[in-house]
Structures are given as C-alpha cells and as structure tokens.
Amino acid sequence: GRIKGVRFDSSIDWSRFVIVDHRDLPGPNVLKLIESDQPVLAADRVMHKYEPVVLIASPDKAALRKALRCVKVEIDADTPILDPLTPLTPDLIQYGEDNVFKRIDIRKGDTSGVFANAAHVVEGTYRTGAQEHVYLEPQGMLAYREGDTLTIQGSMQCPYYVVDALAHLFEIESSYAPHHSGRASGVVNERGEISIDKSHQPGDRPTQLRVIQTPVGGGFGGKEEYPSVMAAHAALLSEKARSPVRIVYDRHEDMAVTTKRHPSVVRHRTALDKDGRLLAMEIEAIFDGGAYATLSSVVLSRGVIHAAGPYRCENIHVIGEARLTNSPPYGAFRGFGAPQTYFAMERHMNVIARQIGMDPIELRRRNLLKTGETLATGQVFKDEVDLVALMDKALDLSEYRQRSAAHAETNKSHPYLRRGVGLATFHHGSGFTGAGEVYLASEVWVEAHADGRIEVLTAQTDMGQGTSTILAQIASDALGLPDGRIIVAQPDTQRVPNSGPTVASRTAMVVGKLVYRACEDLKKRVGATDADADGLTKAIADWHAAHPGEELLGRATYEKPTDVQWDDKLYKGDAYASYGWAAHTADVEIDLRTFGIRVMDYVALQEIGRVLNPTLARGQIQGGVAQGIGWALMEDVVLEDGVMKNAQMTNYIIPGSGDLPPLRVFFEEQPTKHGPGGAKGIGELPMDGPAPAVVNAVCNALGISVEEIPLTPERLMAILEERRDG
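As the structure is a computational prediction, the values presented were derived from the model and not from experiment. (Residues numbered from 1 in each chain as written. Predicted model: local features only at pLDDT ≥ 70, side-chain atom pairs only at ≥ 80, totals over all residues. Heavy atoms only, no water.)

Engineer: Can you lay out the overall build of the protein for me, pointing to particular residues and giving the numbers?
Structural biologist: Broken down by element type, the protein carries 17 helices and 28 strands. Compactness check: the protein gives a C-alpha radius of gyration of 27 Å against a globular reference of 27 Å for 726 residues, within 12% of the reference. Taken over the C-alpha atoms alone, the protein extends approximately 80 × 70 × 50 Å along its principal axes. Expressed as a percentage of the 726 residues in the protein, the buried residues total 59%. Of the roughly 28600 Å² of accessible surface on the protein, a fraction of 50% belongs to carbon and sulfur atoms. Across the protein, 77 positive and 96 negative side-chain charges occur, with their mean positions spaced 2 Å apart. (Helix = DSSP H or I, 4+ residues; strand = E, 2+ residues; numbered from the N terminus. Rg over C-alpha atoms; globule rule 2.2 N^0.38 Å. Buried < 20%, exposed > 50% of the residue type's maximum accessible area, 1.4 Å probe, protein only. Areas by Shrake-Rupley, 256 points an atom, 1.4 Å probe, with all protein chains shown as cover. Lys, Arg positive; Asp, Glu negative; His and termini not counted. Charge placed at Lys NZ, Arg CZ, Asp CG, Glu CD.)

Engineer: Any chance you could break down unusual backbone geometry for me, citing the residues and the numbers?
Structural biologist: At the junction of isoleucine 709 and proline 710, the peptide bond is cis and its omega measures out at 10° in the coordinates. By the element assignment, proline 710 lies in the loop between β28 (708-709) and α17 (713-725). Backbone geometry places glutamate 399, a non-glycine residue, at a positive phi of 55°. When you line up the elements, glutamate 399 lands in the loop between α8 (387-397) and α9 (400-413). Unusually for a residue other than glycine, tyrosine 571 sits at a positive phi of about 55°. With respect to the element layout, tyrosine 571 can be found in the loop between β21 (566-567) and β22 (572-573).

Engineer: Lay out the side chain of lysine 260 with the relevant residues and their values.
Structural biologist: Along the polypeptide, lysine 260 turns up in the loop between α4 (251-257) and β13 (264-272). Polar contacts involving the side chain of lysine 260 include one to the main-chain carbonyl oxygen of threonine 258, which spans 3.1 Å. Apart from residues no more than four positions distant in its own chain, lysine 260 is found in contact with Ala130, Gln131, Glu132, His133, Asp254, Met255, Pro329, Tyr330, Gly331, Val637 and Met644. (Polar contact = N/O pair within 3.5 Å; in protein donor to acceptor, adjacent residues only side chain to side chain. Contact = heavy atoms within 4.5 Å.)

Engineer: Help me get a handle on the packing of helix α2 (residues 159-170) against helix α3 (residues 226-241), residues and values and all.
Structural biologist: When two helices pack together, their arrangement is given by the angle between their axes and by how far apart the axes lie. The interhelical angle for the contact between α2 and α3, taken along N-to-C directions, is 45°, at an axis separation of 9 Å. As summarised for this structure, α2 and α3 are arranged oblique, according to the angle between their axes. Relative to α3, the crossing made by α2 is right-handed. Mapping the contact onto sequence places Tyr161, Val162, Ala165, Leu166, Leu169 and Phe170 in α2 and Pro227, Ser228, Ala231, Ala232, Ala235, Leu236 and Glu239 in α3. (Axes fitted to C-alpha atoms, helices over the stretch in contact; angles between N-to-C directions. Parallel < 35°, antiparallel > 145°, perpendicular 65-115°, else oblique. Left-handed = near helix turned anticlockwise from the far one by under 90°.)

Engineer: Lay out the pairing of strand β11 (residues 208-213) in plain terms, naming residues and giving numbers.
Structural biologist: Of all the six residues making up β11, five are buried; the element is thus mostly covered by neighbouring parts of the structure. Pairing of strand β8 (residues 149-154) with β11, which is carried by six bridges, proceeds in the parallel orientation. In the sheet register, glycine 154 faces β11, and the bridge partner there is glutamine 213. (Pairing = 2+ DSSP bridges.)

What follows is the structure in structure tokens.
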C-alpha cells in the first residue's frame, strides 16, 4: 500500500537516536542486483509487510527497543496478491504488464502433433512450499569508516555483490564530490514527522569500499543477495552517525524477513508410446517470486533447464515464469530452482508408471539418457556415465528389491505400520548457467611470499563446506608442495580479486581450476615449470632475492571452453560445462496412528567427477540430503497475509539427528576436463533428489499419490481421510 506518513511518539527524546529514511540516501534508492527494482528504504509505498521504511540506531539496546514501539508507519492498504496463480485484473498489476519478473521458453522438437497419436498421455500438477535456510548464525553486518574507506564486515557468501551494491548506493563509481541535497536530520517536528534540515551538509562520501567476509556459520544461498540489504542499512546508519554500526537480526527477525526457497507449481503433460518411451513433454513451471525480483530470474533459469530430467525425449516444451506476489522476496537456496522442478519430474515419472501399469524402475531404464543423446536445451550428453548402471548400482546398494518384497509382507500383516521404498534419478549443472561464467570473468591470484608460504587469493567464502581446505589442496597438488606451506586468504576485497560468488556449485570446478592455472603461472614466472618441490622453493627464494619487497603473483582469469556454446535468447546449447549425475533411494515407515513418516535408510550414489576430498564430499551429500528430507516432510513455511506466521524455531520444524536415518553415501568417478583433476560441482546436487525419493517411497507404501510437499502428518492425514471418504 501507499505510505501516508511515519509518526514518532513525542514521549521519546529522538535526539538520542540516529534516524535514517529514504531522504538520507546519497545515491539511487535501489539495491543493485540483476533487476534494480527493490528500494533500499521504502519512499512512497511498501510491497510487503516487512519492507524497511526507517532505520533507527542507538548505543542503548533497551532504549532502542522501547523507541521502536513508538514509531508508526501509516499505510493506505491496497489489495495484495498472495498467490502467483491469482487471476490478474488491472488494479493488481504491480510490475511490468503482467507481474512476471522472468519468462523462459525452452523448445526442442515439436510437441504439437504428438499427443493426439500417443498410446498414453499422463498429466499431473505438483506443488512445493517455501523453505527457510536455518543457517547456524542469523544475518549480521558491521559498518565503519577507516579514513576515506567505508568498511563492511559480516556474514556473507559474495563480498563483491556487497561492493557493487554499496558502490551504486553511494555513487562511488561516478562521483566522489560532497553531496549537498537536504538530508533527514533526525529532528522530529510537532506533527511527529522527521523534519529536513536544509542547512545540514554531510562530509565527503567514502571514496573507497572494503568488504570483509567474517567466518560464516552456514549460508545455503541465504547469504548470497540479502547481505547487500544489511550492508546498505548498516552503512547508511554508520555514515549518518559517524560511528561504527552493527546490525544483527535475532532468529525471529531473520526468519520473518529474509529470502527463502521459491514456492512452485509445476504442471506436466507427457506423451508415451505403448512401450513406455517418452515421446513428448509439456512442462509449465510457476515460481512465486515475492515482492521483488532479487535472483528469481536465475533461479527460474536453472529450474526450467533441469525440468525435463535426465531423460531421452525428442519433443520438449518448457515454459517457466517467476511471478510477483506481496510476500517478502524469495531468493537463492541450495539447488537454485532445480529441487522444485525435480520434485515434479520424479514424482511424475512414478505417476506415469502407475497409470500405464509399468514398474517405475523399468520406466526409467527405458528412458534414461545415453551418451550422444540430447538434453532439453539440445546439449549433447557427452559424459562417459552409464545412467542405467548408476541407477542399478544404487538399487543394489540399497537392497531395493529385497526391501520392497519384505515391506509388502509387512504391510499385509501389521496393524498400523506401512513401509515402502522410493527412487529418484537426477542431474545438476556445475557453475553458472550458459554465458554466466564469461560475464563474471573471474580472476584468481596465488602469491609466493618471501618466507616460503604460498597464499591463495580468491573471493570464495568458506561457510562450513570446506572451501579453504579444497582450494589449499588444489594448490598443494599443482605446486607439489606440502599442505603446511599453503594458506588461503580471508575474503577481503582490499586484498583478493573478484573470483565470482560462492554459489552454483562452481567453487571446486570453476574457481579450483583457476587456482590450478594460477599455480602453473606462478611456476612459469620463476622459471620452475618442471621443477620438483625443492627446485620450486629455491626458484621462489631466488626471485625474491632479486626483487626485494615486490609481490610474486601467479594469475589466472576465466576462459570459456571452446566446446561450450550457449544461445541465451533461444535457451539452446550447452547450459553447463559439466553435470553431476545421481540416483538416490529412500526407505520409509509410516505410523498410521500418528501419520508420522520416518526415513529408515537412505542411499545416495552420485557421479561428480574426481572426488577431491572424500570426507568433505560425503559431508556435502549428507547435509544436502538432510535438508531435502526436511523440505519433503516437515519444513512448513506457514504464510499469513504473505508473511511467515511460524517464524521461530519452536514451530518451524527441521530435522534433528534423531529424525535422520543412516545416510549412506557412495561415489562414481568420471573426471571432467573442466575441473581441477577432473572435479565437478557437488554442493547443490544432493538437494534435488531426497524429496521425490522420500515421497515416492511413501506413495509406494500407502498406494496413494502425493502432489505437494511438505508432506506433514496433517497433510498425510487429510490425504488418507479423503481417500477413505471417497
């Protein structure tokens, strides 16, 4: 709705506080991201209930909390859109012509004439809910001045995203001159409004920006774009106060306000021949983007590219839309759109199998890709991975057939327990989509210090996934030097180059390859290309002796592989240089007295190229599976008027260790030329399979069809009661 005014209670001495609103902004009132549609502070209207309007800071936390209760933002409310499927009327259009942030159309072959002559046509609609990241620490940011440098420290994944956002906000790229327009002074007039003191002249703007990533307790995408909001707010207050300012959300604030996984509705219409071979797929994917675009366009992109699964089909039409609603914006979350479309694809495969009377394993066996065949974008499947053999191995490791037979007997005799097994086969691209890596033009440095240490300099952040360990290991292998000689720099934009964001399963494959090449460049610079460890050590020492006080850097910049071609307008070609491939199985038990679902066993088999560090790789898979099980069964974001009603850990339920089965992880290795030593990406792949594998197992146990997650006990009870009543 429209902001009618902001009222400050006269009982508070507002001179004791630092107050900032949209009139304080030194530059454009917009957060710089892919689409520049989100204001730093709302000026004339709010698009969702938690949109920031006024910032207030104080050294006294108790006084601050009391003061906040004495500020009222008066809103002339409009009719909100709370469902992306809401039919549009002219008064509901708030973005562009149709409230669509991004629309993507992928076409392969021609689906138009296939359905009329197909032996089978199967349709289905599948829904997924939002998901909260629940990282260990909430969002936090510190801003302060060091001379002319505005410094930001905080919990973030992408330091250079924050640099770009602040440079845009403070217009550092275009002008460093003092800003002479009127600014809100923090003085409240007799009407309870902030007055503007036109004589107030601020000091010079910062001419430098420095962003430092502090140790992060988890991110999962939740600390990709949102830290730019936090940094902007902290920086504005700090500049106004001429003092360091720290903002740390408590858990409720963090859950209520920050971005989450996009809810989705995915519709499938599939044509098959009499033998169960896929002839045509028509897929529509609708993502709820929330009130602003944030990263919805690229989340949708990855979602629709993966929507048709790892299957052979010559006629595919995928339409994807990210639409506006008046919820807080949705954003990046592990898997980046693919978990939503993969839940639909892998559930739909089981729905197809049931409708045409075929075993779901056999259906997959007949349709999984083989080398030389093409994906939905026309990309040729070049990996030397036998997907059928990968699936069969997962089935053997999990004793899928034996368990299925045993469960059938249990289900006949047990009064209230039902057991079932489920399968999902899937893939996930490594690195940015299409030409994204070319656009980033990432750079990595490796510095050889005079004391013998080798320092890896990148903007890649460690969030518990082991980035520092992996990059040090790659440098150690490339240089032939012991691990103890290698250090990895803290991501500090005053010291490290822009190697791109820590997202999209790109760190090991893309940035790791740059680390390897930078090490090669370092050896070349000191004339030790073929030297052993002792020879390289001597060459570095000799170089420093001849160049005292100078930096010795090996450098590498991203170069597009010649065999990767992508047409971003047509969405055709090589969407990713490499993919990870996987087959996961789940074994579940349902208690019909409580409708509780327990996962008893889980097998995760994946091909991710060379496994650089088995311990870290296994941890990544186990973590992704745990999050996937939570999303499938218990993580229910309850929305009321567009905002999260259960924004606390007492009633937003995530799996604890007691809720998880043994997570048995296995790897196949088919090295890729695009990664160091043949490594591919790993972080997002394990998020794609658990939800469909678990729900397929539940459907197998109960003989039902489930089209929506999370499958909470309440939702399962409703499904079973509806079936009974019907």
